[in-house]
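The chain contents come next:
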Amino acid sequence: MSDIIQLLPDHVANQIAAGEVVQRPASVVKELMENAIDANATEIKLIIKDAGKTLVQVIDNGKGMSVTDARLSFERHATSKIRAAEDLFQLNTKGFRGEALASIAAIAHVELKTKQDEDDLGTAIVIEGSEVKSQEVVVTPTGTSVAVKHLFFNIPARRNFLKSDTVELRHISDEFHRVALAHPNIAFSFYHNGSDLFNVPQENYRQRVVHIFGTKTNEKLVPVEEETEVLKISGFVGKPNFSKKTKSEQFFFVNQRFIKSPYLNHAIKSAFEGLLKDGYHPSYFLNLTVDPKSIDINIHPTKTEIKFDDEHTLYAILRSAVKHSLGQFNIAPVLDFEHQSSLNTPYEYKDKNASIPAIEVDRSFNPFSEDVNRKEKTTRQNTGFKSPPTASWESMYVGLESKGNNSQSDFSQVTFESESKDESIFNDSAIETRKTTFQLQHKYIVSTLKSGMLIIDQNRAHQRILYESFLKHITVKEATSQQLLFPLQLHFTPNETKIIDDLKSDLEHTGFAFSELNDKEIMITGVPVGVPESEVSIILEQLISDVENDVPDTNFSAADLLAKSMAKSLAIKNGQSLNSTEQEHMVNSLFACKEPNVSPTNRPTFITMAVDDIEKKFM
Ligand code: ADP
Ligand code: MG
């Protein structure tokens, strides 16, 4: 019998191989967008006609290709992304097979235009069914445009197999969403038959999720953050009461690559256990970062499945991180409640927690640091006042902030609420205020609003900020304490010592620590973070005189008085110059307060001037 085996002609082999990569227009969208990302584009535009059956075009502003590379890019197994098999275990790119462009070119009409930044002119190549029709030098912007027309023109069976435009467009939108969600730092736009379906700028992850799934999504997102040696998690899960009957809002990204993992999905479902109605699915938008060495993305041709080295550990970490976030979300109604009641009596003294403050030695704190000295000098020159609390005034909030960071504690909820609260009271956005602030006579911080001008009294504003922060520490949280190198000995009259003694536990909550407190002497071993040693006796003297002068009435609260008194002692004084960061920080912290409008002693902290009023003055 004669030999019967033949080598298939290249174009047939290419068509068969193309079937692996390109199932439908959405596959082309995915491959082209991934190439644009691999080329470090910051702006990617997707243009579609007739659900991709007539045209799929991706335009990027990435690094482009040289003439040689442009031609080579259509060869099978031509890739710039790996050089040796070992590179497969260190992948930082989406592509690596060098198959996409070759496959697409085998079954469509492709027009490539590309230019590198250092070149004046670019290259245009037209290929139809793997055959190069033309190659020219062209004027084109830096980056790459790939237009894919008449998909499956030479494989009628595949073309007929395509679904309706609605279905194909949905596949394309799904791919687009996945890529856009994985890369909030890239701006994307998406046009179908001339109308614009999406247009998202470079933004943060929350904004990206909201842009893609709608404004209403914002309120349902619960942040999930966790960082361990093997896995970093960041992103959001949906609150249980917003769960859906479909799985359309379930997204895992591993190293910015969309993946499907029934196993990890199960981890999330089990974290939601007892919180979901039957037949409902949780929403999640989670980014997992792992060492590229610990995964194998090579096991599936379309690469949405992935093999992890240690799936059990990932499962456990993921489950507990999501549970933790949901747990905090469950606390939220309690905080909401406090927030409500705060309208009458702003702070819940009764809930005062009696535990001893944690002592944390801030070794980097140096009251003699240059910054501090510089400010002290300025103030003395300007006002002749006693030395102010100095540069580290922001560190007043250290206890509070570091807690939020470490564990994404319930403060993230509080902060977020107060952010949204500002918006309603203050519908001029904070961003607006951030751009332009300046100081007037070392006394006022002036800032622009959409509707006019904002003038803040720096001393009163800072009193408000410190007052709320101290109250929070006294009534709800423990503050961090800064241990003194040598105990500080102070002498007071027995009456005065009695006053301090009565306030001892409140003082401890703000961060003071006492080793001795008797008739004869007071020994202080710790002070609130950010309070310089030199200020301590002044604070206590002020406190004693405030208590003595306070007419005790029904509203008397030791904690309130202590917070007011300390805020008064430590607030930035008028006459102190503030740099722009400090000014911004002041503005933002003030409007994150529960009652930003007045100082602790009920005097206005700021005034506004509407453009209308300003205009009247010019008449
Ligand atoms: P892979 O992405 O797996 O390397 P492709 O066939 O998708 O394979 O692309 C082949 C090569 O063409 C890439 O490795 C890259 O060097 C180049 N290339 C493709 N698209 C672009 C683009 N948008 N910008 C710059 N280079 C590109
Ligand atoms: Mg590719």
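Values in this document were obtained by computation on a predicted structure and should not be read as measured data. (Residues numbered from 1 in each chain as written. Chains lettered and ligands numbered in written order. Predicted model: local features only at pLDDT ≥ 70, side-chain atom pairs only at ≥ 80, totals over all residues. Heavy atoms only, no water.)

Asks: For this particular structure, what's the right way to read the overall build of the protein chain?
Replies: Secondary structure assignment for the protein chain yields 20 helices and 22 strands. When each of the 619 residues of the protein chain is scored for burial, the buried share is 48%. Pairs at least 24 residues apart make up 69% of the contacts formed inside the protein chain by residues separated by at least 6 positions. (Helix = DSSP H or I, 4+ residues; strand = E, 2+ residues; numbered from the N terminus. Buried < 20%, exposed > 50% of the residue type's maximum accessible area, 1.4 Å probe, protein only. Contact = heavy atoms within 4.5 Å.)

Asks: Just to check I follow, could you spell out the sheet that holds strand β19 (residues 481–490) for this structure?
Replies: Strand pairs in the sheet, formed through backbone hydrogen bonds, run parallel or antiparallel to each other. Reading across from one edge, β19-β21-β20 is the order of the three strands in this open sheet, with antiparallel pairing throughout. Two strands bound the open sheet, and with one partner strand each, they are β19 and β20 (513–517). Each adjacent strand pair in this sheet contributes to an overall mean axis angle of 15°, direction not counted. Helix α15 (residues 494–502) contacts β20 and β21 (522–528) of the sheet and is inclined by roughly 140° relative to β20. (Pairing = 2+ DSSP bridges. Axes fitted to C-alpha atoms, helices over the stretch in contact; angles between N-to-C directions.)

Asks: Can you walk me through the side chain of Q458 in this structure?
Replies: Among the structural elements, Q458 can be located in helix α14 (residues 458–475). Given the relative accessible area of 0%, Q458 is considered buried.

Asks: What is the right way to look at the packing of aromatic side chains in this model?
Replies: Two measures describe an aromatic ring pair: the distance that separates the ring centres and the angle between the ring planes. In this structure the tally under the stated criterion is 14 aromatic pairs. Arranged with centres 4.9 Å apart and planes meeting at 45°, the rings of F176 and F190 form a pair that is tilted. Here the residue F176 occupies a position in helix α6 (residues 165–182), and F190 occupies one in strand β7 (residues 187–192), the gap between them amounting to 14 residues. The pair F176 / F190 is uniform in exposure class, with both members buried. With a centroid separation of 4.9 Å and an interplanar angle of 40°, the aromatic rings of Y263 and Y315 are classed as tilted. Note that Y263 is positioned in helix α8 (residues 262–271) and Y315 in helix α9 (residues 311–341), a separation of 52 residues in sequence. The positively charged end of K163 is found above the aromatic ring belonging to F161, 5.7 Å away from the centroid. Taking NZ or CZ as reference, K277 lies 4.9 Å from the ring centre of Y280, over its face. (Phe/Tyr/Trp six-rings, centres within 6.5 Å; stacked < 30°, edge-to-face > 60°. Lys NZ or Arg CZ within 6 Å of the ring centre and 35° of its normal.)

Asks: Any chance you could explain the sheet that holds strand β6 (residues 143–149) here in plain terms?
Replies: With mixed pairing, eight strands are arranged side by side in an open sheet as β5-β4-β3-β6-β2-β1-β7-β8. In this open sheet, the two strands that pair with only one neighbour each are β5 (131–138) and β8 (195–200). Averaged over all pairs of adjacent strands, the angle between strand axes in this sheet comes to 10°, irrespective of strand direction. The sheet contact formed by strand β4 (residues 122–128) and β5 spans seven bridges and is antiparallel.

Asks: Honestly, the packing of helix α2 (residues 25–38) against α6 in this entry has me stumped. Any pointers?
Replies: Packed helices, taken two at a time, are described by the angle their axes make and the gap between the axes. Between α2 and α6, the shortest axis-to-axis distance is 8 Å and the interhelical angle comes to 20°. Considering their axes alone, α2 and α6 lie roughly parallel with respect to each other. Every pair of crossing elements has a handedness; the one defined by α2 and α6 is right-handed. Facing P25, A26, V29, K30, M33 and I37 of α2, the residues of α6 in contact are E168, H171, I172, E175, F176 and V179. Partitioned by chemical class, the residues of the contact of α2 with α6 number eight nonpolar, one polar and three charged. (Parallel < 35°, antiparallel > 145°, perpendicular 65-115°, else oblique. Left-handed = near helix turned anticlockwise from the far one by under 90°. Nonpolar A, V, L, I, M, F, W, Y, C, P; charged D, E, K, R; others polar.)

Asks: Explain the pattern of salt bridges to me, please; I cannot follow it from the model alone.
Replies: It is possible for side chains of opposite charge to pair when their charged atoms get near one another. Under the counting rule described, the total for this entry stands at 15 salt bridges. We note a salt bridge from K53 to D165, for which the minimum N-O separation is 2.8 Å. Of this pair, K53 sits in the loop between β1 (43–49) and β2 (55–60) while D165 sits in helix α6, and the two are 112 residues apart along the sequence. For E131, the salt bridge is made with K133, and the minimal N-O distance between the two is 3.5 Å. Residue classification places E131 among the partly exposed residues on the basis of a relative accessible area of 49%. With a relative accessible area of 47%, K133 lands in the partly exposed category. The structure contains a network of salt bridges with shared partners spanning K220, K244 and E249. (Salt bridge = Lys/Arg side-chain N within 4 Å of Asp/Glu carboxyl O.)

Asks: Before we go on, may I ask you to explain the environment of V110 in this structure?
Replies: Positionally, V110 belongs in strand β3 (residues 109–115). Put simply, V110 and Q57 are 53 residues apart on the chain and 9.4 Å apart in space, counted from C-alpha to C-alpha.

Asks: Help me understand the nonpolar core, please; the structure alone is not making it clear to me.
Replies: Nonpolar side chains tend to gather and get buried jointly when the protein is soluble and globular. Counting residues in each nonpolar core, the largest one holds 58 residues, and the members touching the most others are L32, L46, V148 and F188. Both of domain 1 (10–200) and domain 2 (212–328) provide at least three residues apiece to this core. In this structure, V148 is in contact with V28, L32, T54, L55, V56, I104, A108, H109 and V110, ignoring residues within four places of it in sequence. In this structure, I474, I500, I539 and L570 belong to the second largest nonpolar core, which totals 34 residues. (Core = buried A, V, L, I, M, F, W, Y, C linked by side-chain atoms within 4.5 Å. Domains from an automatic or database assignment.)

Asks: In this structure, what is going on with the packing of α14 against helix α19 (residues 580–591)? I would like to understand it.
Replies: α19 packs onto α14 with a crossing angle of 50° between their chain directions and a minimal axis gap of 9 Å. The angle between α14 and α19 falls in the class oblique. The handedness of the crossing between α14 and α19 comes out as left-handed. Contacts from Q458, A461, H462, R464 and I465 of α14 reach α19 at M586, S589 and L590. When its residues are assigned to classes, the contact of α14 with α19 shows four nonpolar, three polar and one charged.

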